[in-house]
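Breakdown of the fold
One letter stands for each residue in the lines below.
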Amino acid sequence: MIKTVIFDMDGVIVDTEPVHRYAYYKQFSELNIEVPEEMYTSFTGFSTKNTFQSLKGFFPTIEHEVEDLIQRKRNIFNDAFDTKEDLYLLDGVEDLIKDIYASGIQLILASSASKVTIERVFTRFNLHQYFPHIVSGEDFPQSKPNPAIFIHAASLSIAPKEECIIIEDSTNGVKAAKAAGIYCVGYNSVHSNLQDLAEADIVINHFSELNAQKISQLKA
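What you see is a predicted model, and the numbers here were worked out from it, not measured in a lab.

Conventions used here
Residues numbered from 1 in each chain as written. Predicted model: local features only at pLDDT ≥ 70, side-chain atom pairs only at ≥ 80, totals over all residues. Heavy atoms only, no water. Pairing = 2+ DSSP bridges. Helix = DSSP H or I, 4+ residues; strand = E, 2+ residues; numbered from the N terminus. Right-handed = clockwise from strand over helix to strand, strands pointing away. Phe/Tyr/Trp six-rings, centres within 6.5 Å; stacked < 30°, edge-to-face > 60°. Buried < 20%, exposed > 50% of the residue type's maximum accessible area, 1.4 Å probe, protein only. Lys NZ or Arg CZ within 6 Å of the ring centre and 35° of its normal. Salt bridge = Lys/Arg side-chain N within 4 Å of Asp/Glu carboxyl O. Contact = heavy atoms within 4.5 Å. Core = buried A, V, L, I, M, F, W, Y, C linked by side-chain atoms within 4.5 Å. Expected span 1.5 Å × (residues − 1). Arc of directions from axis to C-beta.

1. Concerning the pairing of strand 3 (residues 133-136)
One ladder, built from four bridges, connects strand 2 (residues 106-111) with strand 3; its direction is parallel. Counted as the bridge partner of Ala110 is Val135 from strand 3. Following the backbone out of strand 2, through helix 6 (residues 115-124) and into the adjacent parallel strand 3, one traces a crossover that is right-handed.

2. Let's talk about the packing of aromatic side chains
Evaluated as defined, the whole model comprises eleven aromatic pairs. Relative to Phe131, the ring of Phe7 has its centre 6.0 Å away and its plane inclined at 80°; by these criteria the two rings are edge-to-face. Here Phe131 lies in the loop between helix 6 and strand 3 and Phe7 lies in strand 1 (residues 4-7), a separation of 124 residues in the sequence. By relative accessible area, Phe131 is classed as buried at 4%. Taken together, the aromatic side chains of Tyr24, Tyr25, Phe28, Tyr40 and Phe52 make up a single cluster linked through ring pairs. Positioned above the aromatic ring of Tyr24 is the side chain of Lys73, whose terminal nitrogen or guanidinium carbon lies 4.5 Å from the ring centre. In this structure, Arg124 packs its charged tip against the face of Phe81, placed 5.4 Å from the ring centre.

3. Remarks on the pattern of salt bridges
For the coordinates displayed, the defined rule picks out eleven salt bridges. For Lys175, the salt bridge is made with Glu199, and the minimal N-O distance between the two is 2.8 Å. Remark: Glu199 occurs in the loop between strand 5 (183-187) and strand 6 (202-204) and Lys175 occurs in helix 8 (residues 171-179); sequence separation between them is 24 residues. Glu199 sits in the partly exposed class, given a relative accessible area of 42%. Where salt bridges share partners, they join Asp8, Lys144 and Glu168 into one cluster.

4. Quick notes on the side chain of Thr41
Inspection of the secondary structure assignment puts Thr41 in helix 2 (residues 37-42). When its relative accessible area of 10% is taken as the criterion, Thr41 is described as buried. Other than its neighbours up to four places away in sequence, Thr41 contacts Asn193, Leu194 and Gln195.

5. Description of the nonpolar core
Counting 42 residues, the largest nonpolar core has Val5, Phe7, Met9, Ile13, Phe131, Ile167 and Ile215 as its most contacted members. In contact with Phe7, not counting residues within four places along its chain, are Val12, Ile13, Val93, Leu96, Ile97, Ile100, Leu107, Ile108, Leu109, Ala110, Phe131 and Ile167. Core analysis: the second largest hydrophobic core is formed by 19 residues, Ile6, Ile108, Ile166 and Ala200 among them.

6. Examining helix 3 (residues 48-58)
Of all the residues in helix 3, the buried ones are Thr48, Asn50, Thr51, Phe52 and Leu55. At its buried positions, helix 3 is contacted by helix 1 (17-31), helix 2 and helix 4 (66-83).

7. Comments concerning helix 1
Counted at 1.5 Å a residue, the expected span for helix 1 with its 15 residues is 21 Å, and the 20 Å between its end C-alpha atoms agrees. Inspection of helix 1 places Val19, His20, Ala23, Tyr24, Gln27, Phe28 and Leu31 among the buried residues, and these make up the whole buried set. One side of helix 1 carries all its buried residues, which in axial view fall inside an arc of 170°. Close packing links the buried residues of helix 1 with helix 2, helix 3, helix 4 and helix 6. In the stretch just after helix 1, Asn32 is the one whose phi turns positive, near 60°.

8. A word on unusual backbone geometry
Here the amide bond leading from Lys144 into Pro145 is cis, since omega sits at 20°, within 30 degrees of zero. Inspection of the secondary structure puts Pro145 in the loop between strand 3 and helix 7 (148-155). The phi angle at Asn32 is positive, at roughly 60°, despite the residue not being glycine. Position of Asn32 among the secondary structure elements: in the loop between helix 1 and helix 2. The class for Asn32 is exposed, based on a relative accessible area of 71%.

9. Description of the environment of Ile167
Looking at the element boundaries, Ile167 is found in strand 4 (residues 164-168). When neighbours within four sequence positions are excluded, Ile167 is seen to be in contact with Val5, Ile6, Phe7, Asp8, Val12, Val185, Tyr187, Phe207 and Leu210.

That is the geometry; function is a separate question.
Listed below in structure tokens is the structure:
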């Protein structure tokens, strides 16, 4: 029986991708680099740190330190986030979270996002009450598909990893979940561009396809 659900955030709980995209491409313009769509898509699930580490490898003209790049991107993102009115939880996810919580199944967040971004989202949408543990990708040297973030999240579970599931919307996230040896629900989000969820144990197109009872009976 499943006793813990580990949620990704971006593309699963809230779609902050347009805000991230705006911030990144504004910064790319400032750095005078052209990042192709395919390259940008490949960074889905990466932390900001790992994204800029990769970009510095592709673009030797970037002379700024990674920490300075991270701070600039974060400032652009925060300014945009705070002024963006059309930012909502993804359709059906709040009802699912409340149903899981009410059923007594544990909820854990494991997101590549920074602690600052997670805090902004959770405060704006009053989500702290449902998630006793929040894990940020900024605490790990490597991003998904490295499984470290999910291995750590599972260690916070009230149950062994065999009784956990992960909900992910990205290729890298699904790979990380499976590398951690944890059952993965792939969420085929309309906001997740060019993501391959083939390695997920099951794939859903809408959160109405899940509820606490169905989750509890999934076989890891």
